[in-house]
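Working through the structure, step by step
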Number of protein chains: 2
Amino acid sequence: MSFTRSEENYLKAIYHLADHGVSKVSTNAIATRMRTKASSVTDMIKKLSDKNLVIYQKYQGVNLTEVGQEVAVKIIRKHRLWEVFLVEKLNFGWDEVHDIAEQLEHIESEKLVDRLDEFLEFPSHDPHGDPIPDKQGEFKPSQKVVLSDVEPGSICFCVGVIDSSSKFLRYLDKNGINLGTQLKVVSKEDFDKSMKIKTKGNTMVISYKISNNLFVIVN
Amino acid sequence: MSFTRSEENYLKAIYHLADHGVSKVSTNAIATRMRTKASSVTDMIKKLSDKNLVIYQKYQGVNLTEVGQEVAVKIIRKHRLWEVFLVEKLNFGWDEVHDIAEQLEHIESEKLVDRLDEFLEFPSHDPHGDPIPDKQGEFKPSQKVVLSDVEPGSICFCVGVIDSSSKFLRYLDKNGINLGTQLKVVSKEDFDKSMKIKTKGNTMVISYKISNNLFVIVN
DNA sequence: AATAATATTTAGGCATACCTAAAAATATTT
DNA sequence: AAATATTTTTAGGTATGCCTAAATATTATT
């Protein structure tokens, strides 16, 4: 079985929105995520439903079927493996790889994916700290944690943000924090949860509002 | 400027059929190569002509414009670089890579192509011995020669066939000649142009009909 | 040069994947 | 519970890229 690029993108979007398949995903939520119109989503949902990739009841939203989930996981596997390739082998910055991986994830060849996996030495996580499903579709938990949860003494590196407003990004930039930046958590202040951190050349204090908006991976 | 996958495939097909832009390419020739119908070709040709990628006169065939040629060469560059990647880095057989490269060649990212080129150490030829255009679109001549033209004493390896009939392929297989196989030309017989060649474990005599149908690269 | 054969184009359709606008269902207010 | 607002679906339309069948142009044959 093989699917169109569009079908794959919808399955992936639904997978991400469904968050462990618990709640039903609304038409509007899909439309927003895919930057398309609700009516287009309804069209596609019907097609996916006919192909038994989603369970759909009019006006009640959708959920992926087992098969739909498998397809989605395969695409995510490909996406994340290609991201590792781009960062590790081609020296891309972590923030440059998403759009390219978005294209590469649709290349069809099971052999290619498995060979790539092997070539990259079976990475368990992508450059954003998100887990990479193995050939069987199993994945380890995410390694990403919020900086505010990191214990003093730990060394970690920055892999993403929650609030991606340009205000926040500018703040980070000004303070020499980029994605990939190594940080050492020096101490935490109980009173206001502010945190003293050390980067390569700098030691600084950041508020909880900051530390709670930064994703890191602890080494 | 960016083009659809289909447009890119047509440009590539026309490029290959035009053979140095000399002769005009017929609608039927394109249709055959692309396994589609002449009427579909006419449709697309009109679109390409509107975009100034081909020069087209009704019933008179097409030729690529400068721009069309540049686009085609970029796709060929991508195709061949990915083929090198698949063979050199992911250990694919030379004969397995075409379909995958056919997909990868449409990935859009100039930076990706250039990084890949660098990663592969700027290869000048792909696994079939065909030249890889550089960033400027220039390419070296092909390294591929017909086995019958190789001088005695030379060592070469097999990179392709002219006649790809299953009869011929089965003959090669039976005699332990695969793509990638190393050959040493021991001697040539003037009379019937037959050739004595040496493979890893074997020495054999092959007729001109065979040697003239095998592409090799001389080491 | 006229006729036959072949190549190419036109005309009209189909599926995909979008869209807008209107209708219908569901959710929220009052 | 009725009115209003929001969400979702339906209906009908568009562009792409393909198709078949028919018409037309070109090329080959006699």
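Basis of the calculations
- Residues numbered from 1 in each chain as written.
- Chains lettered and ligands numbered in written order.
- Predicted model: local features only at pLDDT ≥ 70, side-chain atom pairs only at ≥ 80, totals over all residues.
- Heavy atoms only, no water.
- Pairing = 2+ DSSP bridges.
- Helix = DSSP H or I, 4+ residues; strand = E, 2+ residues; numbered from the N terminus.
- Axes fitted to C-alpha atoms, helices over the stretch in contact; angles between N-to-C directions.
- Least-squares fit on C-alpha atoms with pLDDT ≥ 70 in both.
- Contact = heavy atoms within 4.5 Å.

1. What to know about the sheet that holds strand 5 (residues 182-188) of chain B
All names here are of chain B. A sheet is described by the order of its strands in space; here 6 strands give the open sequence 3-8-4-5-6-7, paired in antiparallel fashion. Two strands lie at the open edges of the sheet, namely strand 3 (144-146) and strand 7 (203-206), each paired on one side alone. Geometrically, the sheet is characterised by an average inter-axis angle of 45° between neighbouring strands, direction not taken into account. Sheet analysis places strand 5 next to strand 6 (residues 195-198), joined by 4 bridges and oriented antiparallel. What sits directly across from K188, in strand 6, is M195.

2. Side note on the relation of the copies chain A and chain B
Superposition of chain A onto chain B requires a rotation of 180° combined with a translation of 0.0 Å along the rotation axis, giving an RMSD of 0.1 Å. One copy is carried onto the other by what is essentially a two-fold rotation axis. Identified as the residue of chain A closest to the rotation axis by C-alpha distance is L104 of chain A, at 3.8 Å. A high fraction, 100%, of the interface residues of chain A reappear at the interface in chain B, so the copies pair face to face through one surface.

3. As for the environment of K51 of chain A
Structurally, K51 of chain A is set in the loop between helix 3 (38-50) and strand 1 (54-56). A C-alpha to C-alpha distance of 9.8 Å links K51 of chain A and V67 of chain A, two positions 16 residues apart in sequence.

Everything listed is a geometric property; what it means functionally is a separate question.
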